[in-house]
Amino acid sequence: MTSVESVLKKTPKDLFIGGRWVPASGGRTFDVDDPATGEVLCSVADATPADGVAALDAAVAAQPAWAAHPPRERGEILRRAFELLTTRIDDLALLMTSEMGKPLADSRAEITYAAEFFRWFSEEAVRIDGGYQVAPNGTGRFLVMRQPVGPCLFVTPWNFPMAMGTRKIGPAIAAGCTSVIKPAHQTPLSMLALAEILQEAGLPDGVLNVVPAVGAGELMEPLIRDGRARKISFTGSTAVGRRLIEQSAEQVLRVSMELGGNAPFLVFDDADLDKAVDGAMLAKMRNMGEACTAANRIYAQAGIAEEFGRRLAERMGALRVGHGAADGVQVGPLIDAKARTKVTELVSDAVDRGAKVVIGGKAPEGDGYDGGYFYSPTVLTDVPTDARMATEEIFGPVAPISVFQTEQEALELANDTEYGLVSYVFTTDLARGLRMSEGLETGMVGLNQGIVSNPAAPFGGVKHSGLGREGGSTGIDEFLETKLVAIAT
Ligand code: NAP
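Residues numbered from 1 in each chain as written. Predicted model: local features only at pLDDT ≥ 70, side-chain atom pairs only at ≥ 80, totals over all residues. Heavy atoms only, no water.

(A) Quick look at the pattern of salt bridges. This structure, assessed with the given rule, holds 31 salt bridges. Across the pair Arg228 and Asp226 runs a salt bridge whose closest N-O atoms are separated by 2.9 Å. On the basis of relative accessibility, which here comes to 31%, the residue Asp226 falls in the partly exposed class. Put simply, Lys231 and Glu478 hold a salt bridge, and the shortest N to O gap is 3.9 Å. Of this pair, Lys231 sits in strand E10 (residues 231-235) while Glu478 sits in the loop between strand E19 (466-467) and strand E20 (480-488), placing them 247 residues apart in sequence. Overall, Lys231 belongs to the buried group, its relative accessible area being 1%. Since its relative accessible area comes to 15%, Glu478 is described here as buried. Here the residues in one salt-bridge network are Asp274, Glu307, Arg310, Arg311 and Glu314, joined through shared partners. (Salt bridge = Lys/Arg side-chain N within 4 Å of Asp/Glu carboxyl O. Buried < 20%, exposed > 50% of the residue type's maximum accessible area, 1.4 Å probe, protein only. Helix = DSSP H or I, 4+ residues; strand = E, 2+ residues; numbered from the N terminus.)

(B) Inspection of the site of the ligand at higher detail. Near the ligand, the surroundings consist of 32 residues, among which Thr156, Arg167, His185, Ser237 and Glu393 are the closest. Between the ligand and the protein, one listed contact pairs an oxygen atom with a side-chain N or O atom of Lys182 at 3.0 Å. Here an oxygen atom of the ligand and a side-chain polar atom of Glu393 are 2.5 Å apart. Here the ligand loses 88% of its free accessible area of 900 Å² to cover by the protein chains. Taking a 2 Å distance to the grid points as the criterion, the majority of the atoms of the ligand fall inside the largest pocket. For the shell around the ligand, the secondary-structure elements that each account for two or more residues are helix H6 (163-175), helix H8 (216-226), E10 and helix H9 (238-249). Along the lines of polarity and charge, the residues of the shell around the ligand split into 17 nonpolar, 10 polar and 5 charged. (Near = heavy atom within 4 Å. Polar contact = N/O pair within 3.5 Å; in protein donor to acceptor, adjacent residues only side chain to side chain. Areas by Shrake-Rupley, 256 points an atom, 1.4 Å probe, with all protein chains shown as cover. 1 Å grid on protein atoms, 1.4 Å probe; cavity = no way out; pocket = protein on both sides within 12 Å on 5 of 7 lines; lining within 4 Å. Sits in = over half its atoms within 2 Å of the grid points. Nonpolar A, V, L, I, M, F, W, Y, C, P; charged D, E, K, R; others polar.)

(C) Representation of the domain arrangement of the protein. By the assigned domains, the protein splits into domain 1 (4-260 + 465-486) and domain 2 (263-418 + 422-454). With 23 residues of domain 1 in contact, the opposing surface of domain 2 contributes 27 residues. Linking domain 1 with domain 2 are 0 salt bridges, by the criterion used here. Within the residue set of the side of domain 1 that touches domain 2, elements represented by two or more residues are helix H4 (89-100) and helix H5 (104-124). Top element by residues in the side of domain 1 that touches domain 2 is H4. It accounts for 4 residues. (Domains from an automatic or database assignment. Contact = heavy atoms within 4.5 Å.)

(D) Inspection of the side chain of Thr235 at higher detail. Within the secondary structure layout, Thr235 lies in strand E10. Separated by 2.7 Å, the side chains of Thr235 and Lys168 make a polar contact. Leave out the neighbours within four places in its chain, and Thr235 touches Val155, Thr156, Pro157, Met164, Arg167, Lys168, Glu258 and Glu470.

(E) A look at the pairing of strand E15 (residues 378-381). Side chains Thr378 and Leu380 project from E15 onto one buried face, and the interleaved Val379 and Thr381 project onto a second face that is buried too. Alignment of strand E14 (residues 356-359) against E15, held across 3 bridges, turns out to be antiparallel. Directly across from Ile359, in E15, lies its bridge partner Val379. Summarising the sheet, E15 and strand E16 (residues 398-404) pair through 3 bridges and their orientation is parallel. Looking at E16, one finds that Leu380 is bridged to Pro400. (Pairing = 2+ DSSP bridges.)

(F) Representation of H8 in the model. Taken together, the buried positions of H8 are occupied by Leu219, Met220, Leu223 and Ile224. Summarising the axial view, the buried residues of H8 lie within an arc of 115 degrees, below the 170-degree limit, and thus occupy one face. Just beyond H8, the residue with positive phi is Gly227, at close to 100 degrees. (Arc of directions from axis to C-beta.)

(G) Summary view of the sheet that holds E15. Strands sit in the order E14-E15-E16-E13-E12-E17-E18 across an open sheet of 7 strands; the sheet is mixed. Strands with a single pairing partner mark the edges of an open sheet, and in this sheet they are E14 and strand E18 (444-447). Geometrically, the sheet is characterised by an average inter-axis angle of 25 degrees between neighbouring strands, direction not taken into account. Bridging between strand E13 (residues 295-301) and E16 involves 4 bridges; their strand directions are parallel. Bridging from a neighbouring strand, Ala300 pairs with Val403 of E16. In this fold helix H11 (residues 305-317) packs onto strand E12 (263-267), E13, E14, E15 and E16, with an angle of close to 175 degrees to the strand it touches most, E16. (Axes fitted to C-alpha atoms, helices over the stretch in contact; angles between N-to-C directions.)

(H) Representation of empty space enclosed by the protein in the model. The final tally for this structure, using the stated rule, is 6 cavities of 30 Å³ or more. Here the largest cavity defines a volume of roughly 70 Å³. Taken together, Asn296, Arg297, Ile298, Tyr299, Val383, Pro384, Thr385, Met389, Ala390, Pro400 and Ser402 make up the lining of the largest cavity. Elements with a contribution of two residues or more to the lining of the largest cavity: E13 and E16. If one sorts the elements of the lining of the largest cavity by residue count, E13 sits on top with 4 residues. Per-class residue counts for the lining of the largest cavity are 7 nonpolar, 3 polar and 1 charged. Of the residues assigned to the lining of the second largest cavity, the class counts are 5 nonpolar, 2 polar and 2 charged. (Points joined across faces, edges and corners; volume = space filled by probe spheres on them.)

Structure representation (structure tokens):
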């Protein structure tokens, strides 16, 4: 049987630069904690700015040969990595649960999702095409080539420690781009384990470089301003994304931004309530609510609001909270004390403004919760539109329900945010479903389902939720430049 100790022991803890595992300059390290206990799991090399430059040097050096590498072989490396991830899912899930807190079943689901990006892009590597066109006046020809963008910089968050990486690494490898990735300091282990798997799958030295660090800004800013990287792809908060866009302006880097969300979840009177409650559980509780796609505002139409709220509260109240590696646990801890404090403050603010707590509303107490950052699954009703949680990401297991009367009101409420990642609509009226899907200002809509993510589909947001798409047939476009060769005939 796999134990946390044995998995931790075999996980690399150094930086991965130019195909070698190396300590950080000066031997700097930082601790990685288990959010379910607050205890230190291990320490990991803490990349300095000089280490960052060394990683970029390695990516730049590997770029020409990697761009010339046969697409079929690039795809086969990804395919082998997909298979290794699938075979090692038990160990990887335990590692992920230890550093991030989510229950083992959620970690397994994430690793499956993460691996699917490698499978999808292994198939895309050999489908990069171009064009040939006769000029409209008939005297010239246009040849359109698609070439790798060049060395890339990636920054990823802690909430999906592996999948947010494979969504970028997969298409980069398929397109012929090298990269430097900085995972979140709370969850570097899953990314280090992934790098080891890619190395085993045959990825040449320098194609991927991994530099965990606590000083994200001091590590990344010089690399962004360096001029040799040609693209940055970031997943994280809108505030940090905005700063990285500004930094990228100097060297006119291509930017892909997967940023924050404030997803509305709309349930109409004509909805299939079983489906709506299932959908709400998924959209709210996947990853303990720590997802950019999490239902942040639930709007139920007046005719079913009470029944919907009652059924959702029943389901939320039945969830088992605890250490993610314990049997039967469905809700793990939040990532850290700061995250729990924020959730606590948002709930107090809503209650002060008139919201009612149906269940939860506080941290669980008793055996098994000491030291961890747990928060009980919570349902609030009568949440006013001026509550902070109507405009800020909750990032926790809190479902705030408000009531609406008309379709027009629902659309206005849903769109009343600067974010635009995803929205959810539950209705059995197809025409209404289409009207809402067209009117909602989000990059994605879940129509009668509580999850939209799929490696074969384009994921991304509009407004302050981001730029660009990951996954699907467009995912690889973010890593390809289009070049025109205008030919005299
Ligand atoms: P965050 O604070 O923005 O951190 C994300 C990453 O950026 C981490 O690796 C972090 O490093 C790094 N970072 C922080 N400051 C930086 C700087 N000045 N320069 C360069 N890198 C910097 O976000 P988070 O709180 O970890 O993650 C949650 C956010 O991510 C939420 O807003 C969520 O909605 C969003 N998200 C979006 C998507 C999507 O696809 N749209 C998916 C998942 C999450 P450290 O580890 O040192 O903090």
